[in-house]
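# Analysis of the macromolecular model
Each chain, written out:
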Amino acid sequence: MLSRAVLIFAVVISLAACQSKKKEINFPKTDLSTVALIPKPVKTVATNSAFGLDSNTVILTTLTDSEFEKAGRFLAEKVNAKLGFDLKVNNASDKDEIDRVIYINQSDSVDLKTPESYQLYIKKDSIYLNAKTAAGAFRGVQTLRQLIPEQSNDTLTDHPLWLIPSGKIYDEPLFEYRGAMLDVARHFFTVDEVKKFIDILAYYKYNALHLHLTDDQGWRLEIKSWPKLTEVGGKTEVGGGEGGFYTQEDYKDLVQYAADRHIIIVPEVDMPGHTNAASVSYPFLNGNGKKVAPYTGTQVGFSTFDAQKDTVYAFLDDVIREISELSPGPYFHIGGDESHVTKKKDYLYFVEKVEKIVRKHGKRAMGWNEIAQAKIDSSTVAQLWNEPHNAIKAAEGGSKILLSPAKKAYLDMQYDSLSKYGLHWAAYIPVDTAYNWSPETYVPEIPKEQILGIEAPLWSETISNSAELEYLAFPRAIGYAELGWSQPENRNWEDYKLRLAQQVPYLNTMNVNFYPSKLIDWEK
Ligand code: ACM
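Calculation criteria
Residues numbered from 1 in each chain as written. Predicted model: local features only at pLDDT ≥ 70, side-chain atom pairs only at ≥ 80, totals over all residues. Heavy atoms only, no water. Buried < 20%, exposed > 50% of the residue type's maximum accessible area, 1.4 Å probe, protein only. Helix = DSSP H or I, 4+ residues; strand = E, 2+ residues; numbered from the N terminus. Pairing = 2+ DSSP bridges. Axes fitted to C-alpha atoms, helices over the stretch in contact; angles between N-to-C directions. pLDDT = per-residue confidence, 0-100. Parallel < 35°, antiparallel > 145°, perpendicular 65-115°, else oblique. Left-handed = near helix turned anticlockwise from the far one by under 90°. Contact = heavy atoms within 4.5 Å. Salt bridge = Lys/Arg side-chain N within 4 Å of Asp/Glu carboxyl O.

## Let's talk about the pairing of strand β5 (residues 126-131)
Of all six residues in β5, five are buried, a share of seventy percent or more. Pairing of strand β3 (residues 101-106) with β5, which is carried by six bridges, proceeds in the parallel orientation. Considered in β5, the bridge of Val101 is made with Ser126. Sheet analysis places strand β4 (residues 118-122) next to β5, joined by five bridges and oriented antiparallel. The residue bridging Gln119 from the neighbouring strand is Asn130, located in β5. Between β4 and the antiparallel strand that follows it, β5, lie three residues.

## Looking at the sheet that holds strand β12 (residues 331-335)
Read around the barrel, eight strands follow the order β7-β8-β11-β12-β13-β14-β15-β16 and close on themselves; strand pairing throughout is parallel. Across the sheet, the axes of successive neighbouring strands diverge by a mean angle of 30°, strand direction being ignored. Sheet topology places β12 next to strand β13 (residues 364-368); three bridges connect them, and they run parallel. Bridging across to β13, Phe332 finds its partner in Ala365.

## Remarks on the confidence of the model for the protein chain
Confidence in the prediction of the protein chain, expressed as mean pLDDT, is 95, and 95% of residues score 70 or more. Ranking the helices and strands of the protein chain by mean pLDDT puts strand β8 (residues 208-212) first, with 99, and helix α1 (residues 2-21) last, with 54.

## Topic: the packing of helix α4 (residues 191-203) against helix α6 (residues 248-259)
At a minimum axis distance of 10 Å, the contact between α4 and α6 shows a crossing angle of 10°. Between α4 and α6, the crossing angle belongs to the class labelled roughly parallel. Note that α4 runs across α6; the crossing there is right-handed. Along its contact with α4, which presents Val191, Val194, Lys195, Ile198 and Asp199, the element α6 presents Asp250, Asp253, Leu254, Tyr257 and Ala258.

## Remarks on the pattern of salt bridges
Tallied over the entire structure, the rule returns 27 salt bridges. Linking Glu24 and Lys124 is a salt bridge whose minimum nitrogen-to-oxygen distance equals 3.2 Å. Taken together, the residues Glu24 in the loop between α1 and β1 (43-53) and Lys124 in the loop between β4 and β5 connect sequence positions 100 residues apart. Classification of Lys124 as partly exposed rests on a relative accessible area of 29%. The shortest N-O distance in the salt bridge between Glu150 and Lys82 comes to 2.7 Å. Of the two residues, Glu150 is situated in the loop between α3 (134-147) and β6 (162-171) and Lys82 in helix α2 (residues 66-83); the sequence distance between them amounts to 68 residues. A residue is classified by how much of its surface remains accessible, and Glu150, at 43% relative accessible area, is partly exposed.

Structure representation (structure tokens):
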């Protein structure tokens, strides 16, 4: 390891010497500040030259943290796929003549203020990506990907160069949590469908995917100590389809795939309402006194766990333990919304008890804004969706707030009355409405320091495959990425919509069935 580190140091040092013997390339003028980056970085300084990415470019990384090397390999894989190269990482020998290097460097600079902060220094012969943590390096790698043009320049040398404009980028996120939610309970989505969604989220610097794993219509994650949850409760979905579920191995695979992209999975077991599928599997859980039959409609608010039974809490202890053991992220979401047939005193008792079970298993509880009616711990996060007064109450008690106001941030709301998929009980949300709000001031009573971040939920009553998911999620989820990452002074609809229009090559390469809103002059 040491000798490789010394070698890489030598390579970087000798680069300048090598370069002086080479013929200077006269790069055309470029402007780093006009590249269509989303989310927009904190600060960009253009120096009007370029780095010519080619098939001989060497990618080197800090070797003291293997996660930095992984970020380098991720970059190499994406560049190779896009440009047909065969770049390797940390693979140069001292005999190689190195013209150009991308160096991903662990740095303890005080200017890197958050774990996801990064800096990019782009010069003619080198790109330095500095970050304190591998998560920061990974975010910077996404910026680098977005800086690679679609067309090469074939006239500057004897081989094509993809010109990356030179300059400096200083960047960090506005909020520590930038999430999307996918409801895999109303309709089931396969591991591969979820992975594709994660890939696109990663490109726009999301760092959380909340999976709504259970609801009246289905239970989607294998629980070894209660197998009927999936054997019975996994077999139904909205509209009468066959449903489905993730084995624990499937779920671990998803968690790892997300972690490889520095994205956490936030598992949700929605309760005490939204629990019909669990009670179909184990009828003792049911607390509404009615016979439990499978449900494949789209009504809400009719089911509840029995909050008075100790056996219900013993069951939940097993469920929360098993899922927590599979989920390295810090959060466990307990739902808590729309428990319309749970008595108020039972609801409060239930939330307080379940929140303690979550903490016992080493997680921070998260719940929809209704949970703030109970005495929740200040470590618990309240997710605002429809009741600002409950979010304010939670914030007053010291809790952090996750912003998902249905009128602005629900990905399942239709764009307009002609939208093929989605609902409109909260609002129609065209692409500009989705972008034109300010999370930092959305609820004036909640100070910015208490906002954990934003999350865009995608409920799946009306969608059941990737194409339908993508129609609702994109392009709006790209705008939420910017609301969660970029500084308020850097966000502007007129500027954003030009950058959004230029996402077409990426979205097409990924085969994303985005909604072609007429508000955007999409690149042809
Ligand atoms: C919700 O939309 N019921 C959280």
